[in-house]
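# Observations on chain architecture
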Amino acid sequence: MSFFDSFFMALRSIRANKTRAGLTMLGVVIGIASVIILVAIGEAAKQYVVAQMQSFGMNAAFLQVAPGKNAGDYMAYFDNDLRLKHADMIKAKCPSVSEVMPIVVGKAKLKYGKKDYNLSQCWGATENYTTVFSHKVVKGRFFNRAEVEGSRKVCVIGQKISDELFGSFDPIGEKIKVNGRKFVVIGVFERRGKVLMQDMDDVMAVPVTTGLSLFDTKAIVEMDILAKSPQLLKQAIKEIREVLDKEIDPSDYHIDTQEGMMSLINNIVGLLTTVIGGIAAISLLVGGIGIMNIMLVSVTERTKEIGIRKAVGARRRDIFMQFLVESVVISFLGGILGIILGLTGTFLIMYVIKLGMVVVLWAIILACSVSVAIGIISGVYPAMRAVNLDPIEALRYE
Amino acid sequence: MKSDKPVVLVKDVCKTYKLDQLEVPVLFDIHFSVDSGEFISIMGPSGCGKSTLMNLIGCLDRPTSGSIRLDSVDISKLHDTELAKIRNRKIGFVFQTFNLLPRLSSIENVELPLIYSGITSAERDKKAKEALDSVGILSRAAHMPNQLSGGERQRVAIARAIVNSPSVILADEPTGNLDSRSGQEVMKIFDKLNSSGVTIIMVTHDTNIAERGSRLVRLFDGRIIEDKKIK
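From a predicted model like this one, the values you see are computed outputs, not experimental measurements.

### With respect to the overall build of chain A
- Looking only at helices and strands, chain A features 13 helices and twelve strands.
- Computed over the C-alpha atoms, the radius of gyration of chain A is 33 Å, more than 25% above the 21 Å expected from 2.2 N^0.38 for a compact globule of 398 residues.
- When the backbone C-alpha atoms are referred to their principal axes, chain A occupies close to 105 × 50 × 30 Å.
- Per-residue burial over chain A gives 41% buried out of 398 residues.

### Focus on the overall build of chain B
- Per the secondary structure count, chain B includes seven helices and ten strands.
- The C-alpha radius of gyration computed for chain B amounts to 17 Å, which stays within 12% of the reference 17 Å derived for 231 residues, consistent with globular compactness.
- The principal-axis extents of the C-alpha atoms in chain B amount to approximately 50 × 40 × 40 Å.
- Taking all contacts inside chain B whose residues are at least 6 apart in sequence as the whole, residues at least 24 apart take part in 69%.

### Here we look at the nonpolar core
- By size, the foremost hydrophobic cluster in this structure holds 118 residues, and its most contacted members are I36 of chain A together with A159, I162, I169, L170, I200 and I201 of chain B.
- When residues of this core are assigned to their parent elements, the largest contribution, 15 residues, is made by helix 2 (residues 18-55) of chain A.
- Residues contacting I169 of chain B, with those up to four places away along its chain left out, are G92, V94, A161, I162, V198, T199 and I200 of chain B.
- Core analysis: the next-biggest nonpolar cluster, separate from the first, contains 59 residues, I90, V100, V104 and I157 of chain A among them.

### Here's the deal with the sheet that holds strand 1 (residues 8-19) of chain B
All names here are of chain B.
- An order of 2-1-4-5 is seen for the four strands of this open sheet, with the pairing classed as antiparallel. A single partner strand is all that each edge strand has here, and the edge strands are strand 2 (22-34) and strand 5 (73-74).
- Pairing geometry for strand 4 (residues 65-70) and strand 5, over two bridges, is antiparallel. Its bridge partner being in strand 5, R69 is matched across the sheet by D74.

### What about the pairing of strand 6 (residues 175-178) of chain A?
Residues and elements named next belong to chain A.
- Only one face of strand 6 is covered, namely the one carrying I176 and V178; the face carrying K175 and K177 has none of its residues buried.
- Taken together, the two bridges between strand 2 (residues 97-112) and strand 6 define a ladder with antiparallel strand orientation. Residue K111 lies in a different strand from strand 6, and its bridge partner there is K177.
- Bridging between strand 6 and strand 7 (residues 181-189) involves four bridges; their strand directions are antiparallel. Considered in strand 7, the bridge of K175 is made with V184.
- What sits between strand 6 and strand 7 in their antiparallel hairpin is a turn of two residues, with N179 showing a positive phi close to 45°.

### Description of the interface of chain A and chain B
- Between chain A and chain B, the residue contacts involve 16 residues of the former and 19 residues of the latter.
- The set of elements that each furnish at least two residues to the side of chain A that touches chain B consists of helix 1 (3-16), helix 10 (303-311), helix 11 (316-352) and helix 13 (391-396) of chain A.

### Things to note about the domain arrangement of chain A
- Domain boundaries in chain A define domain 1 (3-52 + 263-396) and domain 2 (82-247).
- Using C-alpha coordinates to define each centre, domain 1 of chain A is positioned 56 Å away from domain 2 of chain A.

### Digging into the packing of helix 3 (residues 106-117) of chain B against helix 5 (residues 150-162) of chain B
Residue and element names in this part refer to chain B.
- Closest axis-to-axis distance for the helix 3/helix 5 pair is 7 Å, and the angle between their directions is 30°. By the criterion of interaxial angle, the relationship of helix 3 to helix 5 is roughly parallel. Two packed elements cross with a definite hand, and for helix 3 against helix 5 that hand is right-handed. On helix 5, the residues touching S106, N109, V110, L112 and P113 of helix 3 are V156, A159 and R160.

### Thoughts on the environment of G278 of chain A
- Along the polypeptide, G278 of chain A turns up in helix 9 (residues 258-301).
- In this structure the C-alpha to C-alpha distance between G278 of chain A and V35 of chain A, which are 243 residues apart in sequence, comes to 9.6 Å.

### Re the pairing of strand 7 (residues 168-172) of chain B
All names here are of chain B.
- Most of strand 7 sits inside the fold, with five of its five residues counted as buried.
- Residue alternation in strand 7 divides its side chains into two sets, V168, L170 and D172 and I169 and A171, and both sets are buried.
- Examined bridge by bridge, strand 6 (residues 91-94) and strand 7 share four bridges and lie parallel to one another. Opposite I91, over in strand 7, you have V168 as the bridge partner.
- Bridge count between strand 7 and strand 8 (residues 199-203): five bridges; the pairing is parallel. When the bridges of strand 8 are listed, A171 appears paired with M202.
- With helix 6 (residues 180-195) bridging strand 7 and its parallel neighbour strand 8, the resulting β-α-β unit is right-handed.

### What about the environment of S105 of chain B?
All names here are of chain B.
- Inspection of the secondary structure puts S105 in the loop between strand 6 and helix 3.
- By the C-beta count within 10 Å, which is 18 here, S105 ends up partly exposed.
- Apart from residues no more than four positions distant in its own chain, S105 is found in contact with A142, H143 and M144.

Each value, and the rule that gives it
- Residues numbered from 1 in each chain as written.
- Chains lettered and ligands numbered in written order.
- Predicted model: local features only at pLDDT ≥ 70, side-chain atom pairs only at ≥ 80, totals over all residues.
- Helix = DSSP H or I, 4+ residues; strand = E, 2+ residues; numbered from the N terminus.
- Rg over C-alpha atoms; globule rule 2.2 N^0.38 Å.
- Buried ≥ 20, exposed ≤ 12 C-beta atoms within 10 Å, placed from the backbone.
- Contact = placed C-beta atoms within 7 Å.
- Core = buried A, V, L, I, M, F, W, Y, C linked by C-beta atoms within 7 Å.
- Pairing = 2+ DSSP bridges.
- Domains from an automatic or database assignment.
- Axes fitted to C-alpha atoms, helices over the stretch in contact; angles between N-to-C directions.
- Parallel < 35°, antiparallel > 145°, perpendicular 65-115°, else oblique.
- Left-handed = near helix turned anticlockwise from the far one by under 90°.
- Right-handed = clockwise from strand over helix to strand, strands pointing away.

This is how it looks when you write it as structure tokens:
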């Protein structure tokens, strides 16, 4: 008997018991669909984060010196040994570095006339801010080197602040109070929305020197640095370490790169994938047991049929293939339905969270292979039972 | 169509079933041969071993001792796969309860042995139609078994038995589940097949039916007690 004969025989048998076959497939459908959705979400999350980082200027030449031993050592942000002079040293002594931007961050209360505004992030930065963060100024201008060195009380505000405090008036040249001190608004940032959870329209930039006195601190929160090229990134890190290690304890700061931040995200996504993948695997296991169970019932139900087939000349191999192919077809159809459901689910989820559709080809190929493998594994035992039926007993079975 | 060598040669066959520790002897020293073109009726009371003998000749079972030759091939020592091949090519079964597959149409039931012979579907279709035609039921080719009368079902079953041109047809009470008119029709088909040279071995309870054959073998308690030519 050819494979095609077995295949069409299996399709007929499945069609004769549509409801049962459908319910049997369900475990595989759910398992495969959840794998597809999960992998797609993980992949989309990674792509999203990379795109966000790049729009923040964090390309492959970007690196960040931050206080504390590891990323996430937040206590160190406000009390550490990183100083403004270290930024100048890096700029002067590291030939592979093109831009160094020391940053301080603090909260600020803004006041314009009778209007108040509670600002969550006031950034003290240097004149190269717009280059390093790719954050453009659309009205007025950004502050310059002289204003940084002179610790001038000037500020560049986000669109949201401009809208709240000035409405449709032009804020350029207006004086606002920042924590009680008078600042002149010299520029307004372009509208950016949220980037990496940070509302970029709800920030204000002041010269870093001004920021340090405003927040009454000497500690730098981070230094955002660009290497001259992505190829020089490793060299730049080496040069920076040589400078900083002479100045402060090496365990009091760390250097992040885009690659390093990505590996953190990869770890999180990988962990999630493992956990939910495990749940999917259990669903597939249960699905496989369901198929095996139904195939066993099917063999018993069709004892007489098996007897008749043996009497007219079916070999052991033919009977074996008949039931194995049926099991594989059920499981594979389940896999296909699972892929369709998974892609539909992915599309809906991506639509809701407003991300682009992601189709992960390897997950689909894996899903097909897994469903075939489940069919084979759960079909072998029932098929063996069918093969080993005594034809005389089987013919007598009612 | 008579040839020198017998189609079936049953030689000193014994069959004993083992039920746990208990040995139940069913057939003792059965010895007979069937020539090509013969129509043998086997009679005997229930439990005399008729069905066991049919199963042995039909390659569904193996004798405990002795040998059975089919077309000069000793089938008592063959492997399962080879037995399946012989059932497929050399034997056609006709059962009392028809044993058609309920989910297949008449023609698909007739094609079943051909599928296991590895014949292409175009060739299968042609042969199955010829077989259905020869039993006069081609018009019912697309019908499902439950749309057919008992007599029609048995004719489809006979078409399935002859579709691969077997050496011998084994019929186990072929008229047992039929009314007398349908039974007569089925016997007419057997007569026709036999007169065209097909060898038939038939088990029956019915003396009238048995006498349609050319030879009568009587079994009693696992032994042959009578073997005579009728025609």
